[in-house]
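Working through the structure, step by step
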Amino acid sequence: MSYQIKIYNVAYTTLEGTIGDHEIFDGSITTELSGQETLEFTLNRDESSFIIIELAKIAEVYNTVETAIFKAYRIVQIRYVRSGTQYSVRVICESLKYDLNKKIYPFSGTVIE
C-alpha cells in the first residue's frame, strides 16, 4: 500500500506539507489496551519535508490508494538519531482522541481553555 503523512498546523486548519512513503525509513502505529494510539516514523534529516516537522503540529496518516484518512495525531516528541554518518529524525505522535480540547501551545507548556 502507499501512504502519506500530511502535516497540518497546530490548530489543524492549514495543510503545511506532505511526506511520501518514499521519504520514510520506517513507521508504525501502536494501539495499547487502554485505546491510546501512537504513530512513530523515521525520516531522513536531509529530506526537504524535514523542515515542516515541529512539536504540537498535526500528522495525518493518509492512504493514497483508498483515499481514506486513517487517523490524526499530534507530534509530541522529536528525537535525532545517528546511524554511522547518516542522520535521521524519529517522530513520535499521539492520537488526537486524548488531546485535551486540542489547544496545546508548545511554548507555554499549558493547556488554554
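Residues numbered from 1 in each chain as written. Predicted model: local features only at pLDDT ≥ 70, side-chain atom pairs only at ≥ 80, totals over all residues. Heavy atoms only, no water.

Focus on the environment of Leu55
What counts, and what does not: Numbered from the N terminus, helices here are DSSP runs of H or I no shorter than four residues, and strands are runs of E no shorter than two.
Note that Leu55 resides in the loop between strand S4 (37-44) and strand S5 (58-63). Between the C-alpha atom of Leu55 and that of Arg74, which follows or precedes it by 19 residues, the distance is 7.9 Å.

Concerning the pattern of salt bridges
Between side chains of opposite charge, a pair can form as their charged atoms come close. To be explicit about the condition: Should a side-chain nitrogen of Lys or Arg be within 4 Å of a carboxyl oxygen of Asp or Glu, the pair is scored as a salt bridge. Burial here depends on accessible area, computed with a 1.4 Å probe over protein chains only, as a share of the maximum for the residue type. Under 20% is buried, over 50% is exposed, and the range in between is partly exposed.
By the definition in use, this model includes five salt bridges. The residue Glu40 makes a salt bridge to Arg90 at a minimum N-O spacing of 3.1 Å. Pair noted here: Glu40 is in strand S4 and Arg90 is in strand S7 (residues 86-95), with a separation of 50 residues, a long-range link. Judged by relative accessible area, Arg90 falls into the buried class, the value being 17%. For Lys57, the salt bridge is made with Glu54, and the minimal N-O distance between the two is 4.0 Å. Classification of Lys57 by relative accessible area gives buried; the value is 7%. Ionic contacts of the salt-bridge type, sharing partners, join the residues Glu16, Glu54 and Lys57 into one network.

Observations concerning the nonpolar core
As a reminder of what qualifies: Buried residues of nine kinds, namely Ala, Val, Leu, Ile, Met, Phe, Trp, Tyr and Cys, make up a nonpolar core once their side-chain atoms join them within 4.5 Å. By definition, residues are in contact when any of their heavy atoms lie within 4.5 Å.
Grouped together as the largest cluster of nonpolar side chains are 17 residues, with contacts concentrated most on Ile7, Ile19, Phe41, Ile53 and Cys93. Secondary-structure elements contributing two or more residues to this core are strand S1 (3-8), S4, S5, strand S6 (68-83) and S7. In this view, Cys93 contacts Glu37, Thr38, Leu39, Phe41, Ala59, Tyr73, Arg74, Ile75 and Val76; residues no more than four positions away in its chain are not counted.

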